[in-house]
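The chain contents come next:
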Amino acid sequence: MTDSSKTPTNDQDHNAPDPGDAGRTVMVGVLGGILSAAGYLVYQRLPEEQKDRLHRQVRGLLESRINEIRQNFNL
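Since this is a predicted model, take the numbers as computed values, not measurements. (Residues numbered from 1 in each chain as written. Predicted model: local features only at pLDDT ≥ 70, side-chain atom pairs only at ≥ 80, totals over all residues. Heavy atoms only, no water.)

**What to know about the overall build of the chain**
Inference 1: A tally of helices and strands in the chain yields 3 helices and 0 strands.
Inference 2: Listed by position from the N terminus, the elements making up the chain come as α-α-α.
Inference 3: Considering the chain as a whole, with its 75 residues, one finds that 1% of them fall into the buried category.
Inference 4: When the accessible surface of the chain is summed, it comes to about 7,300 Å², and 58% of that surface belongs to carbon and sulfur atoms. (Helix = DSSP H or I, 4+ residues; strand = E, 2+ residues; numbered from the N terminus. Buried < 20%, exposed > 50% of the residue type's maximum accessible area, 1.4 Å probe, protein only. Areas by Shrake-Rupley, 256 points an atom, 1.4 Å probe, with all protein chains shown as cover.)

**Overview of the confidence of the model for the chain**
Inference 1: On average, residues of the chain score 85 in pLDDT, and 76% of them are at 70 or above.
Inference 2: Taken element by element, the chain is modelled with least confidence in helix H1 (residues 11-14), mean pLDDT 56, and with most confidence in helix H3 (residues 48-73), mean pLDDT 95. (pLDDT = per-residue confidence, 0-100.)

**Quick word on a nonpolar patch on the surface**
Inference 1: Nonpolar side chains collect at one region of the surface, where Val26, Met27, Val30, Leu31 and Ile34 lie side by side and expose about 480 Å² of accessible area between them.
Inference 2: For Val26, a relative accessible area of 55% puts it in the exposed group. (Patch = residues over 30% accessible without salt bridge, like charges linked within 9 Å, V, L, I, M, F, W, Y side chains within 5 Å. Salt bridge = Lys/Arg side-chain N within 4 Å of Asp/Glu carboxyl O.)

**Brief notes about the packing of aromatic side chains**
Inference 1: Per the counting criterion, the structure on display carries 0 aromatic pairs.
Inference 2: Across from the ring centre of Tyr43, 5.1 Å away, lies the NZ or CZ of Lys51, which sits over that ring. (Phe/Tyr/Trp six-rings, centres within 6.5 Å; stacked < 30°, edge-to-face > 60°. Lys NZ or Arg CZ within 6 Å of the ring centre and 35° of its normal.)

**What to know about the pattern of salt bridges**
Where charged atoms from two side chains of opposite charge come close, those side chains can pair.
Inference 1: Throughout the structure, instances matching the rule amount to 3 salt bridges.
Inference 2: The partner of Asp21 in a salt bridge is Arg24, with the nearest N and O atoms 2.9 Å apart. One end of the pair is Asp21 and the other is Arg24, both in helix H2 (residues 19-44) and 3 residues apart, which spans about a single turn.
Inference 3: Given the relative accessible area of 34%, Asp21 is considered partly exposed.

**Considering H3**
Inference 1: Relative to the 38 Å expected for 26 residues at 1.5 Å per residue, H3 spans 37 Å between its end C-alpha atoms, a close match to the ideal helical length.
Inference 2: Downstream of H3 by a residue or two, Asn74 has a phi angle that is positive, lying close to 55°. (Expected span 1.5 Å × (residues − 1).)

Here it is as structure tokens:
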């Protein structure tokens, strides 16, 4: 006996994007924008010596990451 209450699956619909994905994508984008704006406002209020220290830390992190990538690709 077969169960007639089951709906057949359609392979074309299997790969279709979920309608809720677009809403989540927009929400994540908006939240990212809000967080970056808040970070910028906090950064603007930092004293100059803390900004300089932050710049040095970011430069050091970027330099080490770039060197790691260069070593991985043997550049």
